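# A look at the structure
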Amino acid sequence: MIRLNEDALICDLAETYQIYDYKQLPISLVAVFSCGLRENSRIKMELSEQQVPLNTLLLAGLSDKLNFLLWSKTKDGQKGKNKPSSILNSLTVQPQKEKNEIVFNSGEEFEEMRQRLIMDIEQGGEESWQLN
C-alpha cells in the first residue's frame with residue numbers, strides 16, 4: 001500500500017485512526033491498521049481500481065431502474081422517445097482514448113507509406129515524419 005500511494009494511506013490512517021506519522025509505529029501495527037480501513041477508503045479504492053464506491057454504484061443503479069419505470073408510464077415511454085440517461089453509465093464508462101495508429105487496406109499502401117517515411121527522414125530528419 002505504501003508503494004502504491006503513500007499519501008492516500010497517510011490520509012486514511014489520519015482520518016480513521018488519527019495516526020499522523022505512521023513511521024513511528026511498528027510496521028506490523030501499521031499493516032493491521034491498513035487492513036482495517038473501510039472498503040471505500042482512498043487506498044483500498046485505489047487497490048481495487050475503483051473510481052466510485054460500491055454503495056454509490058448501487059444507488060445509481062436503483063435510481064436508473066426507477067427512472068426507467070417512471071418513464072415507461074409516460075407518453076414518451078409508450079412511444080419509446082426521450083429515454084432517460086443512465087447515471088450508472090456516466091459513473092462507470094471510461095472515455096475512450098484516442099488511438100494514434102494508421103490502418104492500411106493493402107500491402108501496397110503500407111509499402112507506399114513506408115517509402116514516403118524513409119524519404120522524409122532522409123530529407124528532413126525524424127521530426128518531419130511524425131503524423132501528429
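Look above for the structure.
Here we summarise the structure given alongside this text. Predicted model, so just to flag it, every value in this text is computed and none were measured.

## A few points about the overall build of the protein
Helix and strand counts for the protein stand at seven helices and zero strands. Start at the N end of the protein and walk to the C end: the helices and strands fall as α-α-α-α-α-α-α. In terms of C-alpha radius of gyration, the protein reaches 26 Å, well past the compact-globule figure of 14 Å for 132 residues. Considering only C-alpha atoms, the protein reaches an extent of 65 × 60 × 20 Å along its principal axes. Looking at the 132 residues of the protein, the share that counts as buried comes to 16%. Summed over all atoms, the accessible surface of the protein reaches about 10900 Å², with 54% contributed by carbon and sulfur.

## Quick look at the side chain of aspartate 12
Examined against the element boundaries, aspartate 12 turns out to sit in helix 1 (residues 2-17). Apart from the residues lying within four places of it in its own chain, the contact partners of aspartate 12 are Tyr17, Leu37, Ser41, Arg42 and Ile43.

## Side note on the packing of aromatic side chains
For the coordinates displayed, the defined rule picks out three aromatic pairs. Their ring planes at 80° and their centres at 5.6 Å tell us that phenylalanine 104 and phenylalanine 110 sit as a pair that is edge-to-face.

## Let's talk about unusual backbone geometry
Unlike most non-glycine residues, glutamine 18 shows phi in positive territory, near 60°. One can find glutamine 18 in the loop between helix 1 and helix 2 (27-35). Glutamine 18 gets classed as partly exposed once you look at its relative accessible area, which sits at 49%. With phi around 55°, glutamate 49 is a residue other than glycine that occupies positive phi space.

## Quick look at the layout of surface pockets
When its volume is computed, the largest pocket comes out at roughly 150 Å³. Broken down by element, the residue count for the lining of the largest pocket peaks at five residues, all from helix 4 (residues 54-72). Among the residues forming the lining of the largest pocket, the class breakdown is three nonpolar, four polar and three charged.

## Some details on a nonpolar patch on the surface
On the surface, Met1, Leu4 and Leu47 cluster together into a nonpolar patch covering about 240 Å² of accessible area. Summarising the element assignment, leucine 4 is placed in helix 1. In this structure leucine 4 comes out as partly exposed when scored by relative accessible area, which is 41%.

So, how was this worked out
- Residues numbered from 1 in each chain as written.
- Predicted model: local features only at pLDDT ≥ 70, side-chain atom pairs only at ≥ 80, totals over all residues.
- Heavy atoms only, no water.
- Helix = DSSP H or I, 4+ residues; strand = E, 2+ residues; numbered from the N terminus.
- Rg over C-alpha atoms; globule rule 2.2 N^0.38 Å.
- Buried < 20%, exposed > 50% of the residue type's maximum accessible area, 1.4 Å probe, protein only.
- Areas by Shrake-Rupley, 256 points an atom, 1.4 Å probe, with all protein chains shown as cover.
- Contact = heavy atoms within 4.5 Å.
- Phe/Tyr/Trp six-rings, centres within 6.5 Å; stacked < 30°, edge-to-face > 60°.
- 1 Å grid on protein atoms, 1.4 Å probe; cavity = no way out; pocket = protein on both sides within 12 Å on 5 of 7 lines; lining within 4 Å.
- Points joined across faces, edges and corners; volume = space filled by probe spheres on them.
- Nonpolar A, V, L, I, M, F, W, Y, C, P; charged D, E, K, R; others polar.
- Patch = residues over 30% accessible without salt bridge, like charges linked within 9 Å, V, L, I, M, F, W, Y side chains within 5 Å.
- Salt bridge = Lys/Arg side-chain N within 4 Å of Asp/Glu carboxyl O.

This is a description of form; function is not addressed.
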